[in-house]
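Letter by letter, the chains look like this.
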Amino acid sequence: ERLKVAFNKKFLDEKEGKYANGAETTCVLPLAFGLAPDNVREKVFNRLVDHIVNVGKGHLATGLIGGQWLMRTLTDNGRPDVAFTLASQSTYPSWGYMVGKGATTIWELWNGDTADPAMNSGNHVMLVGDLNIWLYQNLGGIRPAAPGFKAIVLKPTIVQGLDYVKVSHNSPYGQIFSYWEKVGDKLRWQVTIPANVTARIYMPVEEASAITESGQPLAQAPGLNFVETDKGMPVFSAGSGLYTFEMPAPK
């Protein structure tokens, strides 16, 4: 708490809703680590989004440090669409630009194809930031809720522009699997929970009554128990097994 007070006293401009010079990393880190006071969080986040969308035109503008939290911060604050725009770019500067230039590893610099080779590693995995974490934890929705994945959270993020996401994780208890796909106006989501593991499942729709599991209403599905509604999402607890959910596709 003392660090938070001192940090904000030194770097925060409440009127402008920015930290230090207002660059993207100065927005990302206070948001990611809970340092931004509640009354300025929205301003700081809006500055971040505005810079990405209007200044960077949907391109990356962080380095190693800000990039470690960028995608999750955007998604956790309600803008997974902006994160997806960054992830799917193919023009400079972006990860896709590297791929387009034939890179099979991550460069040290966004302009690695034109930079001085003396200051440009061709295998600089840190610049991928939290992209891989975002793919598994946010898009696929697999997150640990206890050490060793003894308990897990399944909470996928459905974004426009993606028709399916398929991810798995080999935990100490077995494979955790999450595969969602849009089929017409329906969303099908298949999950596998290993033996001796419990899961907290967040359904990406508002009405639990609109969801079926293996063709039957959730209320009749064995192994599932309603827990609560969290920010409009029905939450269920589940034991091990294979579950196939179907629901209206989010708009």
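The structure presented is a predicted model; accordingly, all values stated were derived computationally and were not measured.

Draft legend 1. Structural view of the overall build of the chain. When helices and strands are counted, the chain shows eight helices and 13 strands. By principal-axis analysis of the C-alpha atoms, the chain measures approximately 60 × 45 × 35 Å. Carbon and sulfur atoms make up 53% of the accessible area of the chain, which totals about 13,100 Å². Positive and negative charge centroids in the chain, built from 23 and 23 side chains respectively, lie 4 Å apart.

Draft legend 2. Quick peek at the side chain of Thr62. Along the polypeptide, Thr62 turns up in the loop between helix H3 (38-55) and helix H4 (64-67). Given the relative accessible area of 6%, Thr62 is considered buried. Leave out the neighbours within four places in its chain, and Thr62 touches Glu24, Thr25, Gly67, Leu70 and Trp110.

Draft legend 3. Quick peek at helix H8 (residues 131-140). Listing the buried residues of H8 in full gives Leu131, Trp134, Asn138, Leu139 and Gly140. With its buried residues spanning 160° around the axis, H8 presents them on a single face. Buried positions along H8 lie against helix H5 (70-76), helix H6 (80-88), helix H7 (95-100), strand E3 (142-144), strand E5 (164-171) and strand E6 (174-183).

Draft legend 4. The arrangement of the pairing of strand E12 (residues 233-238) in detail. Most of E12 is tucked away, with five of its six residues classed as buried. Looking at chain direction, strand E8 (residues 198-202) and E12 are connected through four bridges and run antiparallel. Paired with Arg200 across the two strands is Ser237, which belongs to E12. Relative to E12, strand E11 (residues 224-230) is paired through six bridges, and the arrangement is antiparallel. The residue of E12 that forms the bridge with Phe226 is Phe236.

Draft legend 5. Spatial organisation of the packing of aromatic side chains. All told, the structure shown has 11 aromatic pairs when counted by the stated rule. Ring centres of Phe7 and Phe11 lie 5.2 Å apart, and the angle between their planes is 50°; this geometry places the pair in the tilted category. Of this pair, Phe7 and Phe11 both sit in helix H1 (residues 2-11), four residues apart, roughly one helical turn. Given the relative accessible area of 24%, Phe7 is considered partly exposed. With relative accessibility at 38%, the residue Phe11 sits in the partly exposed group. Taken together through their ring pairs, the aromatic side chains of Phe7, Phe11 and Tyr19 make up a single cluster. Lying over the aromatic face of Tyr202, Lys155 brings its terminal NZ or CZ to 4.7 Å of the ring centre.

Draft legend 6. Main features of the environment of Asn138. Mapped onto the elements, Asn138 comes out in helix H8. For the pair Asn138 and Ala83, spaced 55 residues apart in sequence, the C-alpha to C-alpha distance is 10 Å. The contact partners of Asn138, leaving out residues within four places of it in the chain, are Arg72, Thr75, Asp76, Ile133, Arg143, Lys155, Pro156 and Thr157.

Thresholds, definitions, all that
Residues numbered from 1 in each chain as written. Predicted model: local features only at pLDDT ≥ 70, side-chain atom pairs only at ≥ 80, totals over all residues. Heavy atoms only, no water. Helix = DSSP H or I, 4+ residues; strand = E, 2+ residues; numbered from the N terminus. Areas by Shrake-Rupley, 256 points an atom, 1.4 Å probe, with all protein chains shown as cover. Lys, Arg positive; Asp, Glu negative; His and termini not counted. Charge placed at Lys NZ, Arg CZ, Asp CG, Glu CD. Buried < 20%, exposed > 50% of the residue type's maximum accessible area, 1.4 Å probe, protein only. Contact = heavy atoms within 4.5 Å. Arc of directions from axis to C-beta. Pairing = 2+ DSSP bridges. Phe/Tyr/Trp six-rings, centres within 6.5 Å; stacked < 30°, edge-to-face > 60°. Lys NZ or Arg CZ within 6 Å of the ring centre and 35° of its normal.

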